[in-house]
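Here is what each chain is made of, one letter per residue.
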Amino acid sequence: MNGYLQLRGISKRYGEKVAVDALDLTVPKGCLYGIIGPNGAGKTTTIRMIMNIIIPDSGDILVDGKSAPADFKNRVGYLPEERGLYRKMTLREVILYLGQLKETPRKELESRLDGWLERMDLLPYKNRKVEELSKGMQQKLQFITTLIHNPDIIILDELFSGLDPLNIELIKNVLLEVKREGRTILFSTHVMEQAEKLCDYICMIDGGRKVLDGSLNDIKSRYGKNTVHLEIDGDGEFLAGLPGVKTVTNFTNYFELILTDMTQANATLKAIADRVTITHFERVEPSLYNIFIDLAGHPRGGDGGRA
Amino acid sequence: MKKFWTIFAAEYSQVVKKKSFIIGIILTPAFMVLITVLPAMLMDKGISDPESYVVIDADGRGIGAQFTASVGRYKLDSDSTLNAYKLVKLYEIPSNQPHELDSVRGILDSMLLTKGLKHYVVLMPRLEETDSILMVSKSTNFKTLSRFDRRISDILAAMRLEKSNINLSIDSVLSMTRRVEMSQVSPGGKTRDFMSMYFGALVFVMIVAMSVLGFGGILMRSIIEEKNSRVMEVLVSSVSPFQLMMGKIAGLGFANLTQVGIWILIGLVLFANRSGLNIPANVGQIIFNPVLIVFFIVYLIIAYVMYSAIFAFIGSICSTDKETQNFMFPITMSIMMPIFIMTYIVQEPESVITTVLSLIPIFTPTMMVLRVNIMAPETFSLGNPIVLEAVIGVVLSVLFTIGIVWVTGRVFRMGILMTGKRATFPEIMKWIRYK
């Protein structure tokens, strides 16, 4: 696969601790690519190395086949994990300043400004100070500053943290639109369900190492042979003890079961039906969370895997 | 380069738009006038009322009477007919009655505290042998002290002469020993009044010190703010840390120059209208000497860049304003150093100590501005040692500044992403060595 952004054998250690260990990663042009993994897996370090904010100890980072092209800083839109803007500036000033730092002419920025503010429901605040905005509004403002210069590649660290469901939907729609324009989006998240709904490609990392990568469809079909979704009336406590059930994951309103042998699914279904009423039983692709646990061999990050 | 100018413009406009900038333009010169010209005016103006004094003569040879007579010649002003000193009483106490002396002194002490008495002078017995003369004053007054000292010394000198059989009357000795007022003149013959030289120099040094501390402080706080608000990471994803640092230093520095430029302009306007404003000519000569102005501007810029780099260094290793306070003291001290030792430098502007101190780069800008002001060279001739030393100072401090900027650049790029704690010394050393 010949990617737009390529990481080859990137490593970074802080003293004794290895943050990222010989990571290879290929992001194709025009896709939505998710780096997923629990907290402390090395996602932010990886992204900061791509951004050239941290210099890797070893390895290469190629953009369009070239190592550190001079104009990369202008072609990228970056939303760091820890967010903040100049509190005393007005929204307009912040957007224009950060846009001009990407060497986009002021006039061009001005012409896009109102459209973006409108779209993010921030137009009435155009000449207000950033500190007057709520946290969620500041997030949306920062999202605008990430996109105002029409970057070719957009890099978002922990994209959804601190956003309410409505704003998540709003931002998802923008991202899908950007993708349709042929631009590339790379984001990291520890919330696997969100990655699952949005990504074309994923890379799972844990403890600085790559656990798995590829297109979401490939991965799901590769690991998706023994998984069923189950909805029941009553307590699901007993499910783990049933013969033929390898693991049980309790999602908010359904269970995901991984069976030892799919040919025995009928027997398992019967055993469940003897105890409770089944409202839904479906053979599905596994969730990324279960694939991750299966591969990493541990449920790191606690319930972080399930939003 | 385009990004540098974007940062430059943003930093500049942010500072210039602030109310504090406008206030600074007006308030700083007002403050300067207050701390420099006002004491000079007060000292010069002298005392408007006669100072009352008492003399206790325990010597018994009439020295007290001679003393009061000669003090009586001082007038309030040269063109005034009022006496400068008012004798309240002359006590003549025989030398064999020390108890009476003590009780009189007790009364006079309380008069100093409660009544309007300013001084009393005690002439002890055989004072020409023991030099035991006391002056007790309500508050220290150098002018009166030196006048009284001179008067009594002259009387004693005359008495000694009289004893030595030269056969001159006291009055004729006194008239022969009259002292002259000496005025200091710079080469070229221009009269330099000490006060205007001293305070002129002080004004220039204060402008350098205050600009550096003021704008350096703004730089430091803005770095800490960008760190804490996490804007920093967005910024360094768009510009290189070095561009960011230099853009900020240059933007704020230009704001600083704008302010000083406005002051100079105000000064020029005042100078042009000096006849109507009653500005003494010698003040104008000192302040508008082109050599002084050129060295002042050059050293102001060097001082600003040097200390801004130091402030940027501190800003990048600290994460709160509080943490920076430990560093503020030594910085303030080193920039204000010449002011603390100014009385020495004014007297010894070319001594080895002064020269060495002024060639230590962190002291160079303010020290040289002070020395150049005191020496007041009138041409840029390198044959003049002060001009030569000032030029060497420029070279050394520029080299030092380049070094500081380099070190800060390396620490800055790492430190700006650190929040929450202050960097340790080993960490900083690692950052400097880091490729």
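Since the structure is predicted, the reported quantities are computational estimates derived from the model, not experimental observations. (Residues numbered from 1 in each chain as written. Chains lettered and ligands numbered in written order. Predicted model: local features only at pLDDT ≥ 70, side-chain atom pairs only at ≥ 80, totals over all residues. Heavy atoms only, no water.)

A. The overall build of chain A, seen in detail. A tally of regular secondary structure across chain A gives 10 helices and 14 strands. Within chain A, counting contacts between residues at least 6 apart in sequence, those at least 24 apart form 70% of the total. Roughly 13,700 Å² of accessible area belongs to chain A as shown, and the carbon and sulfur atoms make up 46% of that amount. (Helix = DSSP H or I, 4+ residues; strand = E, 2+ residues; numbered from the N terminus. Contact = heavy atoms within 4.5 Å. Areas by Shrake-Rupley, 256 points an atom, 1.4 Å probe, with all protein chains shown as cover.)

B. Local environment of the overall build of chain B. Regarding its fold elements, chain B presents 19 helices and 4 strands. The buried share of chain B, taken over its 435 residues, is 45%. For chain B, restricting intrachain contacts to residue pairs at least 6 apart in sequence, the fraction spanning at least 24 positions comes to 73%. As presented, chain B carries roughly 22,000 Å² of accessible surface, and 65% of it is formed by carbon and sulfur atoms. (Buried < 20%, exposed > 50% of the residue type's maximum accessible area, 1.4 Å probe, protein only.)

C. Region of interest: the interface of chain B and chain A. Counting residues at the interface gives 23 residues for chain B and 26 residues for chain A. Between chain B and chain A the total buried area reaches about 2,300 Å² when both faces are included, carbon and sulfur atoms providing 56% of it. Between chain B and chain A we count 3 salt bridges in total. Across the pair Arg48(A) and Glu233(B) runs a salt bridge, and its minimum N-O distance is 2.8 Å. (Buried area = accessible area lost by both parts, 1.4 Å probe. Salt bridge = Lys/Arg side-chain N within 4 Å of Asp/Glu carboxyl O.)

D. Quick look at helix H3 (residues 63–71) of chain B. If you check which residues of H3(B) are buried, you get Ile63(B), Gly64(B), Phe67(B), Thr68(B), Ser70(B) and Val71(B). Taken around the axis of H3(B), the buried residues stretch over an arc of 165 degrees, which confines them to a single face. (Arc of directions from axis to C-beta.)

E. The arrangement of the pairing of strand S8 (residues 184–189) of chain A in detail. All names here are of chain A. Among the 6 residues in S8, 6 count as buried, and that is most of the element. Here S8 shows no split at all, with Thr184, Leu186 and Ser188 on one side and Ile185, Phe187 and Thr189 on the other all buried. For strand S3 (residues 32–36) and S8, the ladder comprises 5 bridges, and the chain directions are parallel. Bridge pairing in S8 links tyrosine 33 to leucine 186. As paired strands, strand S7 (residues 153–156) and S8 are joined by 4 bridges and run parallel to one another. Within S8, the position partnered with isoleucine 155 by the bridge is leucine 186. Crossover handedness for the path S7 to helix H6 (residues 165–180) to S8: right-handed. (Pairing = 2+ DSSP bridges. Right-handed = clockwise from strand over helix to strand, strands pointing away.)

F. Up close: the packing of aromatic side chains. If you walk through the whole model with that rule in mind, you get 18 aromatic pairs over all chains. On the basis of an interplanar angle of 80 degrees and a centroid distance of 6.1 Å, the ring pair of Phe160(A) and Phe187(A) is categorised as edge-to-face. Residue Phe160(A) is found in the loop between S7 and H6, and its partner Phe187(A) is found in strand S8; the two are separated by 27 residues along the sequence. Accessibility expressed as a relative area gives 5% for Phe160(A), which makes it buried. Assessed through its relative accessible area of 0%, Phe187(A) is described here as buried. Ring centres of Tyr74(B) and Tyr85(B) lie 6.1 Å apart, and the angle between their planes is 80 degrees; on these two criteria the pair is classed as edge-to-face. Residue Tyr74(B) is located in the loop between H3 and strand S2 (85–92), and its partner Tyr85(B) is located in strand S2; the two are separated by 11 residues in the primary sequence. (Phe/Tyr/Trp six-rings, centres within 6.5 Å; stacked < 30°, edge-to-face > 60°.)

G. Region of the structure containing the sheet that holds S8(A). All names here are of chain A. Taken in spatial order, the 6 strands of this open sheet run S6-S7-S8-S3-S9-S10, and their pairing is mixed. Across the chains shown, the open sheet's two edge strands, defined by having one partner strand only, are strand S6 (76–79) and strand S10 (209–215). Averaged over all pairs of adjacent strands, the angle between strand axes in this sheet comes to 15 degrees, irrespective of strand direction. Sheet strands touched by helix H5 (residues 135–147): S6 and S7. Its angle to S6, the strand with the most contacts, is close to 160 degrees. Packed on one face of the sheet, helix H10 (residues 288–296) meets S3, strand S9 (201–206) and S10 and runs near 40 degrees to S9. (Axes fitted to C-alpha atoms, helices over the stretch in contact; angles between N-to-C directions.)

H. Region of interest: the sheet that holds strand S13 (residues 255–259) of chain A. Residue and element names in this part refer to chain A. Taken in spatial order, the 4 strands make up an open sheet running S12-S13-S11-S14, and their pairing is antiparallel. The open sheet has two free edges, formed respectively by strand S12 (245–250) and strand S14 (277–284), since each of these has just one partner strand. Shown here is a sheet whose adjacent strand axes are inclined to one another by a mean of 25 degrees, direction ignored. For strand S11 (residues 227–233) and S13, the ladder comprises 4 bridges, and the chain directions are antiparallel. Across the sheet, histidine 229 pairs through a bridge with glutamate 256, a residue of S13. Here helix H9 (residues 265–275) sits on the sheet and contacts S11, S12, S13 and S14; the angle it forms with S14, its principal contact strand, is near 160 degrees.

I. Structural detail: the pattern of salt bridges. All names here are of chain A. Under the definition given, this model contains 23 salt bridges over all chains. With a closest N to O distance of 3.1 Å, arginine 75 and aspartate 152 form a salt bridge. Pair noted here: arginine 75 is in helix H2 (residues 72–75) and aspartate 152 is in the loop between H5 and S7, with a separation of 77 residues, a long-range link. On the basis of relative accessible area, arginine 75 is assigned to the buried category, the value being 17%. A salt bridge links arginine 183 to glutamate 181, with the shortest nitrogen-to-oxygen separation between them at 2.7 Å. A network of salt bridges, in which partner residues are shared, links Asp64, Asp71, Arg75 and Asp152.

J. Summary view of the environment of Ser211(B). Residues and elements named next belong to chain B. Along the polypeptide, serine 211 turns up in helix H8 (residues 194–228). The sequence separation of serine 211 and leucine 300 amounts to 89 residues, and the corresponding C-alpha distance is 8.3 Å. The residues touching serine 211, leaving out its near neighbours within four places in the chain, are Gly216, Asn256, Val260 and Leu300. Here the side chain of serine 211 touches isoleucine 207 through a polar contact of 2.6 Å, landing on its backbone oxygen. (Polar contact = N/O pair within 3.5 Å; in protein donor to acceptor, adjacent residues only side chain to side chain.)

K. Fine view of the state of the cysteines. Under the definition given, this model contains 0 disulfides over all chains. Here Cys31(A) is not cross-linked by a disulfide; its sulfur's nearest cysteine counterpart is in Cys199(A), at 8.5 Å. (Disulfide = S-S within 2.5 Å.)

L. Spotlight on the packing of helix H13 (residues 290–317) of chain B against helix H14 (residues 321–340) of chain B. Residues and elements named next belong to chain B. H14 packs onto H13 with a crossing angle of 170 degrees between their chain directions and a minimal axis gap of 11 Å. Taken together, the axis directions place H13 and H14 in an arrangement best described as roughly antiparallel. Where H13 abuts H14, its residues Tyr307, Ile310, Phe311, Ile314 and Ile317 lie against Thr324, Phe327, Met328, Ile331, Ser334 and Ile335. Looking at the contact of H13 with H14 residue by residue, the classes come out as 9 nonpolar, 2 polar and no charged. (Parallel < 35°, antiparallel > 145°, perpendicular 65-115°, else oblique. Nonpolar A, V, L, I, M, F, W, Y, C, P; charged D, E, K, R; others polar.)

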